[in-house]
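If you want the building blocks of each chain, they are given just below.
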Amino acid sequence: MKRLLIYLFCFLLVSSCAKEEYKYGLTSTDILQPSANKDKLKTAEQYIAVLYVNLFQKAISTKELIELERIVRSVGDKRLVYELIISSFLNDPEIILPENADMRSDIKTFLEASYQRFYIRKPSELELEYFRNYIENNANVTPEMVYFSFAISDEFFFY
Amino acid sequence: MKRRKFIKTLGLTGAASFMMPSILKSGTFGTSASNGFADHVVFVGFAGGLRQQETMMQRYLTDSQGLNGSSYEGNIMYNMLNGSSPTDKIVYGTDPAFGLPGSNPIPQILAQTLETQGTTFKEIQAAGYGHYSALVTLLSGSKSTTQGLRRRPAMPTIFEYARKHLDLAATDTWFIGNGLGNSTPLLNYSNHPDYGAKYGANFLAPSVAFGNEGEKHIKNGRVYDYQQEMSKIYEMQQFLNKSYNLSARDFGGVENTPEEKEDIKAFFREMFNKKASNLIARPPVSDNNDMNTIGYACEVLKWFKPKVTFINLNNIDTCHANFTGYLKNIHRADHAIGHLWNYIQTQIPEMADNTFMMLTPDIGRNLEPNNVVDENDWLSYDHSDANATRIFSQMVGAGVQANLQVGGPGNQIGDITDSMLTVGEALGIKNMIQSEGLISGDAVSLFDRI
């Protein structure tokens, strides 16, 4: 019995000296908005060149770029003239767009690819949730319309 | 005094509210707009450098090419000015099937000249010798134009004053440019911190937007249904913009509402359709870019019925190297103005009797020629001496006294900075413009110089 008490005392002595580890269940994460570092406005040429690559998966020719830059300067409302240009791009048979069925069968993958294509970043959970709900609740929303909204959004004008 | 009587007879004095402070819908606090005497203003930057000798003085070839005799004198702007035409060496018309090039003068459009219908300041003072600074002065009433090309005006333009103080939409104000040169696309609003893009005008350069580039890159755009498609695209865009949270929103130039944008898109489609059917409202003779610009300006007026429209012409600037072309383009600019005024009066009932039109050249041209000769061995003229600061101004329509001539060669009455303030008076915002203190101290409404 005496020996048992000595062992118990020694055990308590050793265990009481062990360093406690506190675990809060946190994981590391970015504290800035994913778009926080984009503060440089694209020139008309940069905007058109990037848009063209995003939609056609190939580089625009210099001649077309010059013509389109002149079109942009010929209209005072830049957002309006970009909408006209995007409408024209999206009506081009060479446009490369995901199928509507593919988008709806895997909305998360479509959105992650869209954010990567236009914004060169991953979407936040809030962004995924909004778009997932929006696409599911609006049967007539197509990949073309989603691409259009990305192309005229503020973030796409900056890099 | 006659003008005041005219306004009074129209019952438009509104004296009680003339200086009463008010908060406008736009959020501005200041002197309220008095009643203007015009519902619409069309302001024409009349063309790229005109010598007084070939315009108001009607000297044709006598003060430029060393030809003497009354047959070489005369009026080649007979829609705008009174006076008989020259009778010899006619080169400014159209080319006949047989005979000398340019020997068929273009028939007069207006039954009465604008000189008879309105008030003409026969010689006023320009601000300088360059197109860009002169255009800035015409639009802003300010001579603070040292910022140079590729920069927006430093002081507010007439569009910004009108939109801010009359609470106008973007589609109520238009700048129709003859092209993209001379930084023209930057003149639809200023960099002034109290004004700027949110009060800017819609700019349009039809020669590009509806020219080869427009045909190729925007004509065939898909048409989206607003309710079913575009409104949803805008909803998604708004969500994306909230995520980005950009505070400065003027990077996109002048901004129209979604409804206005749809209206402009419909206008574009209509223009491409009309162009394909050769139905653009161009003047009867339409063989240079000024004529094309005027044609599309007529279409803008008919579609939008804007409150303020500025139209820029400049083909006359060919005078640097081609005097014959210069004479042709003066004749055509006059033809264009005759067509424009006739179109407003006969084809746009909403603007027929309530539109004020003002015409002022940007600059004049030199007294002495350069060394360049054209196909007729005639000498050409630049714009860099005192003669290039001699211009004129003409106004017609609502609130304007008919058949009145003011000043003349050697008797300058008026200044180029007056034009913007005069337009402001027609719109009923002259006092507000003056109270802002951003225009030239020399500027006086031309009505006050009568």
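Below, the structure is looked at part by part.

Thresholds, definitions, all that
Residues numbered from 1 in each chain as written. Chains lettered and ligands numbered in written order. Predicted model: local features only at pLDDT ≥ 70, side-chain atom pairs only at ≥ 80, totals over all residues. Heavy atoms only, no water. Buried < 20%, exposed > 50% of the residue type's maximum accessible area, 1.4 Å probe, protein only. Helix = DSSP H or I, 4+ residues; strand = E, 2+ residues; numbered from the N terminus. Contact = heavy atoms within 4.5 Å. Pairing = 2+ DSSP bridges. Polar contact = N/O pair within 3.5 Å; in protein donor to acceptor, adjacent residues only side chain to side chain. Salt bridge = Lys/Arg side-chain N within 4 Å of Asp/Glu carboxyl O. Axes fitted to C-alpha atoms, helices over the stretch in contact; angles between N-to-C directions. Phe/Tyr/Trp six-rings, centres within 6.5 Å; stacked < 30°, edge-to-face > 60°. Buried area = accessible area lost by both parts, 1.4 Å probe.

**Structural notes on helix 8 (residues 143-151) of chain A**
Here is step 1: Of all 9 residues that make up helix 8 of chain A, 9 are buried, and the element is covered over most of its length.
Here is step 2: For helix 8 of chain A, the full list of buried residues reads P143, E144, M145, V146, Y147, F148, S149, F150 and A151 of chain A.
Here is step 3: The inward-facing, buried residues of helix 8 of chain A contact helix 2 (44-56), helix 4 (78-90), helix 5 (100-105), helix 6 (107-119) and helix 7 (125-137) of chain A together with helix 7 (226-244) of chain B.

**Describing the pairing of strand 9 (residues 390-397) of chain B**
Residues and elements named next belong to chain B.
Here is step 1: Here strand 9 lies mainly inside the structure; 7 of its 8 residues are buried.
Here is step 2: In terms of strand pairing, strand 4 (residues 119-125) meets strand 9 through 5 bridges, oriented antiparallel. Within the sheet, the bridge partner assigned to T119 lies in strand 9 and is M395.
Here is step 3: As defined by bridge partners, strand 8 (residues 355-360) adjoins strand 9 across 4 bridges and the pair is classed as antiparallel. Bridging from a neighbouring strand, M358 pairs with M395 of strand 9.

**Things to note about the environment of G93 of chain B**
Residues and elements named next belong to chain B.
Here is step 1: Note on placement: G93 falls in the loop between strand 3 (40-46) and helix 2 (114-117).
Here is step 2: For the pair G93 and N329, spaced 236 residues apart in sequence, the C-alpha separation works out to 9.4 Å.
Here is step 3: Contacts of G93, omitting those with residues within four sequence positions, involve G102, N104, P105, K328, H331 and R332.

**A look at the side chain of N138 of chain A**
Here is step 1: In this fold, N138 of chain A is placed in the loop between helix 7 and helix 8.
Here is step 2: At 2.8 Å, the side chain of N138 of chain A forms a polar contact with the backbone oxygen of Y134 of chain A.
Here is step 3: Those residues in contact with N138 of chain A that lie beyond four places of it in its chain are R104 of chain A together with K232 of chain B.

**Description of the pattern of salt bridges**
Here is step 1: For the structure shown, the criterion picks out 33 salt bridges over all chains.
Here is step 2: We note a salt bridge from R390 of chain B to E123 of chain B, for which the minimum N-O separation is 3.0 Å. Residue R390 of chain B is found in strand 9, and its partner E123 of chain B is found in strand 4; the two are separated by 267 residues along the sequence. For the pair R390 of chain B and E123 of chain B, one class covers both residues: buried.
Here is step 3: Among the salt bridges present, the one from K143 of chain B reaches D442 of chain B, with a minimum N-O distance of 3.3 Å. Highlighted residues: K143 of chain B in the loop between helix 3 (131-140) and helix 4 (158-166) and D442 of chain B in the segment after helix 12 (430-436), separated in sequence by 299 residues.
Here is step 4: One salt-bridge network, in which partners are shared between bridges, spans K38, R121, E127 and E155 of chain A.

**Quick notes on the sheet that holds strand 10 (residues 404-406) of chain B**
Within a sheet, neighbouring strands are paired by backbone hydrogen bonds and run either parallel or antiparallel to one another.
Residue and element names in this part refer to chain B.
Here is step 1: The 8 strands lie next to each other as 6-5-7-3-8-9-4-10, forming an open sheet whose pairing is mixed. Each of the sheet's edge strands pairs with one partner strand only, and the pair in question is strand 6 (202-204) and strand 10. Put simply, the sheet's adjacent strands are angled 15° from each other on average, direction ignored.
Here is step 2: Bridge count for strand 4 against strand 10 is 3 bridges, and the pairing is parallel.

**Some remarks on the packing of aromatic side chains**
Here is step 1: Throughout the structure, instances matching the rule amount to 45 aromatic pairs over all chains.
Here is step 2: Their ring planes at 90° and their centres at 5.7 Å tell us that F131 of chain A and F239 of chain B sit as a pair that is edge-to-face. With F131 of chain A in helix 7 and F239 of chain B in helix 7, this residue pair bridges two chains. Exposure class is identical for F131 of chain A and F239 of chain B. Each is buried.
Here is step 3: Between the aromatic rings of Y195 of chain B and Y199 of chain B, the centroid separation amounts to 6.1 Å while the plane-to-plane angle is 65°, which identifies the pairing as edge-to-face.

**As for the interface of chain B and chain A**
Here is step 1: Opposite the 44 residues of chain B that make contact, chain A presents 48 residues.
Here is step 2: Note on chain B versus chain A: buried area summed over both sides is about 4300 Å², and carbon and sulfur give 61% of it.
Here is step 3: Where chain B packs against chain A, one counts 5 salt bridges.
Here is step 4: The salt bridge involving E144 of chain A is made with R222 of chain B; its shortest N-O contact spans 2.8 Å.
Here is step 5: Put simply, chain B and chain A have 20 residue pairs in polar contact (both at pLDDT 80 or more) between them.
Here is step 6: Sorting the residues of the side of chain B that touches chain A by element identifies strand 6, helix 5 (206-209), helix 6 (212-217), helix 7 and helix 8 (258-276) of chain B as the ones contributing at least two each.

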